[in-house]
Amino acid sequence: MTASPLLALAGVVKIYGSGRAAVRALDGIDLAVEAGEFVAMMGPSGSGKSTCMNILGCLDAPTAGSYRFRGIEVAGLSRDQRALLRRHYLGFVFQGFNLLPRTSALENVELPLVYRDISARIRRARAAETLEMVGLTPWARHAPNELSGGQQQRVAIARAMVSNPAVLLADEPTGNLDSARSLEIMELLATLNRQRGVTIVMVTHEPEMAAFSHRVVRFLDGRICKEEAAA
Amino acid sequence: MTGNALRLALVAIRRNALRSALTALGIVIGVAAVITMVNLGRGATRQVTEQIGSLGSNLLMLQPGQRQGFGVSSAAPPFELADAAAIARDVGGVAAVAPSVAGRVVVVYGNENWTTTAHGVDDAYFRVRDWPVVVGRSFNPAELRAGKPVCVLGATLKSELFGRLSALNERIRVGSLSCVVVGVLEQKGQSAMGSDQDDLVLLPLRAFWRRLGSNRQVSLIQVSARDEVSTTKVSRDIERVMRERRHLSRGEENDFRVLDMKEIAETVAGTTRVLTRLLGAVAAVSMVVGGIGIMNIMLVAVTERTREIGIRLAVGALERDVLLQFLVEAAVLAGFGGVLGLMLGVLASLLVSSGLGVPFVFDGPVAALAVAFATLVGLVFGYVPARRAARLDPIDALRYD
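Just so you know, these numbers come straight off a predicted model, no measurement behind them. (Residues numbered from 1 in each chain as written. Chains lettered and ligands numbered in written order. Predicted model: local features only at pLDDT ≥ 70, side-chain atom pairs only at ≥ 80, totals over all residues.)

1. Considering the overall build of chain A
In step 1: Within chain A one finds seven helices and ten strands.
In step 2: Relative to the 2.2 N^0.38 estimate, which gives 17 Å for 231 residues, the radius of gyration of chain A is 18 Å and therefore close to what a compact globule would have.
In step 3: In terms of overall dimensions, chain A has C-alpha extents of about 50 × 45 × 40 Å along its principal axes.
In step 4: Per-residue burial for chain A yields a buried fraction of 48% across its 231 residues.
In step 5: Across chain A, contacts joining residues at least 24 apart in sequence account for 67% of those joining residues at least 6 apart. (Helix = DSSP H or I, 4+ residues; strand = E, 2+ residues; numbered from the N terminus. Rg over C-alpha atoms; globule rule 2.2 N^0.38 Å. Buried ≥ 20, exposed ≤ 12 C-beta atoms within 10 Å, placed from the backbone. Contact = placed C-beta atoms within 7 Å.)

Here's what the structure looks like:
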C-alpha cells in the first residue's frame, strides 16, 4: 500500500458570500503535506494562505474540492466531526497567542485535555511536563498578562503540543514578536518537528522564519504560484 | 464533563462577583418573595384553623333562622330543652349536646362594672366547647338542677372586674341577679372573626331563665360529634330531627341553621390557601423577570468571552461542550440566587410573622420547589445565550476583539 500524504488538498475552492459579492478566496488548491514535514506558506495579504490554513485546520470546510486527512475525506464532515478531528490530531498556534486571560499558564496548557476523558491529575501532570518542554516551569502559575510575548507564545505552543497532535498549524506565530524572540520560537518549532516528528504547517510573511521550514509554498490570488525547497 | 462545567461556572461567577450578585438579585427577590408569601399564608391558615378549632372539636351549632311567610319573614321561634334532648336521643354519633341561651348584661362588682354577654348553660357546654375551668370549678348537678345563683367567668371579664385578685367566692351582680363566682375559664383568645371569646359570664341555664331570660327558651344548641363520625352526616341528621320537631312540611325551608364549624374552618382555610397560591404566583412572575436578567447578562458574557469560546472550539470542544458550559453557568447563577433568596425569605417571613402575630410556618417542599424553579428559570433563560455561544464560528470567534 502506498502511503497517502498526511494532508492532501485537491482542487479546493473556497468562496465567501454569494452572488455578485462572492469572493473566491481559494481557487483550486492542490497541496500535499507528508508526515514529518515542516511547510511554510507565504504570500501577500488576501492571497488565501490563511483560508487554506483554516481548511487544513478543519476550522472551515471547502466550498468545493477534496481534503483528505490521513486519507479520510474531511470536506463533507459535520461541525462536531471536525471538532473531534481537531481535538485528536491538530494543534494550533496563533499570531495573537489566544491564551485564556486570567488563567494560569498551566491551566491554559491543560485546556485541550479538558475535552478528553482524562483525569484531572493526569491532565495536570501532562500539562506540567509539556510546559517544562518549552522551558516555562517557573511560570506555570502566572497568568498570560504577567508573561512576555515570547513566553506567551511558548505557552501557546505547549498547549498545542500537550495532546500530542499529528499536525501543528501555526498562523504567523512570530508576527507579534521581536526578531530575537521570533528566532527562539522558530528554533523551538524546528526542534519539535525534528525531535517529536510533529508535522508543521506555518503561515509567515518573513523569509527568515520560512527558512526554518523544509518547503515553502507561495500563494497568489487564491492559487499556489510556486513551491520550492527552503533555502 | 458536567463536573468540569460546574468548576468553570464557579470560576466565571467569582470572577465577576459583583455583576453575578446583581444578576442573581432578581431571582433572589423572586424566591424570597415566594417563600415569604407561602410561609405567611401557611401561618395565617394555621392561625385561622387553630382559632376555629378552639371553639371545640367537631362542633356543630344549631340556631333559629327566619320563618318565611306570605311575603313576610319573621324570626323563627327559639328552641326548647326538649329539642336538645331529642337530638341527643335520635341523632347518632353525638358526643354531647349543649343547649344555651345568651343575653347582654351589665356585670357589677364593687365599683367596677362591665357590659358583657351572659350565657345560660348546662354542664355539656364545657365539654362541647372543649373549654376547661382553670380556677375553681364548673357547676355541680345540684346547682344546675335548682338554677342556683352561681357563675363562671371568662378570662377577660375576670380581669376587668378583679384584676389580679382572686374572684373565687366573690359575690357579683349579673344584670338583676346576684351570684357567687365559682370558677374562671381558660383563656381562649380571639375568635376567627376577631371577637374576644373570653368576654362572657356563664350561669346555670335555669338561673338565667329565672332572672334574666324568659319562658325557658334555648337560643343555641351546640352539638359535638364523636371523632370517628362525619360531621356532615350528623348535621344532616340534626336537620332531619329538627324539621320533624318544628313540623316543617316538604316544600318549606328550614327555619333554623346548622353550622358545621369543621366545614367553616375548611372553607376559611381554603380561602387562605387560594390567596397564598395567588401571592405565590405573583412572586413567581418576579422570578421569571429575574430569569430575563440572567439571560441579558449571559448574552453579555457570551459576547465578552467570544475569544475564549473560539479557543475552546479550536482545541476541540464540541458544540454541546460549550452549550453545557454556559447553561451550567446560568443555572448555577440562578441556583445561587435561589438559595440566597431562600435564606432571605425565611428571615423575612420570620420577622413579618412575629410582627403580625401569625405563627411562623416553614414550608419545606415549597422552599425546595422555589429553589428548583429558580434553577430551572436559569436553565431556560440561559439556553438562548448558551446556544449562541455554541453556534459561534471558531474562525470569527478567534478573530473577535
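2. Focus: the sheet that holds strand 7 (residues 167–171) of chain A
Residue and element names in this part refer to chain A.
In step 1: Judged by pairing direction, the sheet is mixed, and its six strands sit side by side in the order 6-7-8-3-9-10 without closing on themselves. Both outer strands of the open sheet, strand 6 (90–93) and strand 10 (223–229), are each paired with one neighbouring strand and no more. Direction aside, the axes of adjacent strands within the sheet are offset by 20 degrees on average.
In step 2: Pairing between strand 6 and strand 7: four bridges, direction parallel. Across the sheet, the residue bridging to leucine 90 is valine 167, located in strand 7. (Pairing = 2+ DSSP bridges. Axes fitted to C-alpha atoms, helices over the stretch in contact; angles between N-to-C directions.)

3. Topic: the interface of chain B and chain A
In step 1: At the junction of the two partners, chain B supplies 16 residues and chain A supplies 18 residues.
In step 2: Contributions of two or more residues to the side of chain B that touches chain A are made by helix 1 (2–15), helix 10 (306–314), helix 11 (319–356) and helix 13 (394–399) of chain B.
In step 3: Ranked by residues supplied to the side of chain B that touches chain A, first place goes to helix 10 of chain B with five residues.
In step 4: Taken together, the residues of the side of chain B that touches chain A break down into nine nonpolar, two polar and five charged. (Nonpolar A, V, L, I, M, F, W, Y, C, P; charged D, E, K, R; others polar.)

4. Observations regarding the nonpolar core
In step 1: The biggest cluster of nonpolar side chains holds 129 residues, and the ones touching the most others in it are A:Met41, A:Val201, B:Val31, B:Ala330 and B:Ala370.
In step 2: Ranked by residue count, the leading element in this core is helix 11 of chain B, at 14 residues.
In step 3: If sequence neighbours within four positions are ignored, B:Ala330 has contacts with B:Ile294, B:Met298, B:Gly378, B:Leu379, B:Phe381, B:Gly382 and B:Ala386.
In step 4: Of all hydrophobic cores here, the second largest spans 57 residues; its members include B:Val91, B:Val94, B:Ala124 and B:Met242. (Core = buried A, V, L, I, M, F, W, Y, C linked by C-beta atoms within 7 Å.)

5. As for the sheet that holds strand 5 (residues 72–73) of chain A
Whether parallel or antiparallel, the strands of a sheet pair through hydrogen bonds between backbone atoms.
Residue and element names in this part refer to chain A.
In step 1: On the basis of which strands lie adjacent, the open sheet formed by four strands has the order 2-1-4-5 and antiparallel pairing. One side of each edge strand has no neighbouring strand; the edge strands of this open sheet are strand 2 (23–33) and strand 5.
In step 2: In terms of strand pairing, strand 1 (residues 7–16) meets strand 4 (residues 64–69) through five bridges, oriented antiparallel. Residue alanine 8 lies in a different strand from strand 4, and its bridge partner there is arginine 68.

6. Notes on the environment of B:Thr276
All names here are of chain B.
In step 1: Structurally, threonine 276 is set in helix 9 (residues 261–304).
In step 2: Overall, threonine 276 belongs to the buried group, with 21 C-beta atoms counted inside 10 Å.
In step 3: Not counting chain neighbours up to four residues away, the residues in contact with threonine 276 comprise Met37, Val38, Gly41 and Arg42.

7. Describing the confidence of the model for chain B
Segments scoring low in pLDDT should not have their predicted coordinates read at a detailed level.
Residue and element names in this part refer to chain B.
In step 1: Scored by pLDDT, chain B has a mean of 89; 97% of the residues are at 70 or more.
In step 2: Confidence scores differ between elements of chain B, with strand 2 (residues 66–68) showing the lowest mean pLDDT of 72 and strand 7 (residues 150–153) the highest of 95.
In step 3: Overall fold confidence for the complex sits at a pTM of 0.75, while the interface term, ipTM, reaches 0.95. (pLDDT = per-residue confidence, 0-100.)

8. A word on the pairing of strand 1 of chain A
In step 1: As judged from the eight bridges shared by strand 1 of chain A and strand 2 of chain A, these two strands associate in the antiparallel manner. Note that in strand 2 of chain A the partner of A:Val12 across the bridge is A:Ile29.

9. A few points about helix 3 (residues 105–114) of chain A
Side chains three or four residues apart in an α-helix point the same way, a direct result of the helix having 3.6 residues per turn.
In step 1: Within helix 3 of chain A, ten of the ten residues are buried, which leaves the element mostly enclosed by the surrounding structure.
In step 2: Where helix 3 of chain A is concerned, the buried positions are A:Ala105, A:Leu106, A:Glu107, A:Asn108, A:Val109, A:Glu110, A:Leu111, A:Pro112, A:Leu113 and A:Val114.
In step 3: Against helix 4 (120–133) and helix 5 (149–161) of chain A together with helix 1 of chain B lie the buried residues of helix 3 of chain A.

10. Considering helix 4 of chain A
Residues and elements named next belong to chain A.
In step 1: For helix 4, built from 14 residues, the straight-helix expectation of 20 Å at 1.5 Å per residue is met to within 8% by its first-to-last C-alpha distance of 20 Å.
In step 2: Taken as a whole, helix 4 has its buried residues at Arg123, Ala127, Thr130 and Leu131. Down the axis of helix 4, the smallest arc covering the buried residues is 100 degrees, so these residues share one side. Turned more than 90 degrees from where helix 4 packs its buried face, Arg121 and Ile122 sit exposed.
In step 3: Buried residues along helix 4 sit against helix 3 and helix 5.
In step 4: Positive phi shows up at glycine 135, right after helix 4, with a value of about 75 degrees. (Expected span 1.5 Å × (residues − 1). Arc of directions from axis to C-beta.)

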